[in-house]
Amino acid sequence: MHSPKIIIHPGISDKEKKSVDNRQKRILGMLQKLDIKTSKAPVVAVLGSGGGLRAAIACQGVLGELNHVGILDLTTYLAGVSGSTWCMSSLYVRKNWQDHLAEAEEELKVRLQEGSWNPGTALKGIQEAARRSENFSLTDIWQYTLVYYMTKELLGSSLSEVRTRSEEGEVPYPIFAAIDNSLLSEWNEKKSLGKRERFCLPQR
């Protein structure tokens, strides 16, 4: 059984450093193909905002345009919070998703137009989540009700499934951001003392 708890890790983990190094090597190769002579690739991060379905659609559109102009291939990090992570999680389960953004966009249009939210499916998902996990929480209810209602999509994958492609540098290193209000006071206290810490998802 894997712990669902957030790990408070000072600095950047060794695995993230390795993943980013691999991504930078790919980016450097792409820059050389564009006849841009440099010995070190820049670190470019694309940050998606929160905002529910509006943020998910905006994130999809921005990534599509960045891909169209060739910037997405030069991106090291892709980070999102709330609605943007809905888009990210839907994309990252696809192999070589950056090459199929147009297909993903069309699929999103169809899915949202059909209005295929099914209360029975949502209830079944909640019941299955409650049976299979001792860590069942409001997050599961949120996923199977509001998120499913808005996106008309149920994702059965986990973050660990996108790990290999991220570690090999095939895609931008993803950061799925969340805020734990219970840690806010502790964070503010450490920040006032000049200590900076990075919140990382647990490794599987």
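Model, not experiment: these values are computed from the prediction.

Analysis parameters
- Residues numbered from 1 in each chain as written.
- Predicted model: local features only at pLDDT ≥ 70, side-chain atom pairs only at ≥ 80, totals over all residues.
- Heavy atoms only, no water.
- Helix = DSSP H or I, 4+ residues; strand = E, 2+ residues; numbered from the N terminus.
- Expected span 1.5 Å × (residues − 1).
- Buried < 20%, exposed > 50% of the residue type's maximum accessible area, 1.4 Å probe, protein only.
- Pairing = 2+ DSSP bridges.
- Axes fitted to C-alpha atoms, helices over the stretch in contact; angles between N-to-C directions.
- Contact = heavy atoms within 4.5 Å.
- pLDDT = per-residue confidence, 0-100.

1. Observations regarding helix H1 (residues 14-33)
With 20 residues, H1 extends 29 Å from end C-alpha to end C-alpha; this agrees with the ideal 28 Å at 1.5 Å per step. Every buried residue belonging to H1 is among Glu16, Ser19, Val20, Arg23, Gln24, Ile27, Leu28 and Leu31, and all of these are buried. At the C-terminal side of H1, Asp35 shows a positive phi close to 65°.

2. Quick word on the sheet that holds strand S3 (residues 77-81)
Consider a sheet: its strands pair through backbone hydrogen bonds, and that pairing is either parallel or antiparallel. Read across the sheet, three strands follow the order S2-S3-S4 without closing on themselves; strand pairing throughout is parallel. The strands lining the two open edges of the sheet, one partner per strand, are strand S2 (45-48) and strand S4 (173-177). Between one strand axis and the next, the sheet turns by 15° as a mean value, whatever way the strands run. Contacts from helix H3 (residues 83-92) reach S2, S3 and S4 within the one sheet, and its direction differs from that of S3 by about 130°.

3. A word on the confidence of the model for the protein
Overall, the predicted model of the protein reaches an average pLDDT of 83, with 81% of residues at or above 70. Across the protein, S2 holds the top mean pLDDT of 95, while strand S5 (residues 198-200) sits lowest at 44. Segment residues 196-204: pLDDT under 50, and 31 contacts once partners within four positions in sequence are set aside and those in other chains are kept.

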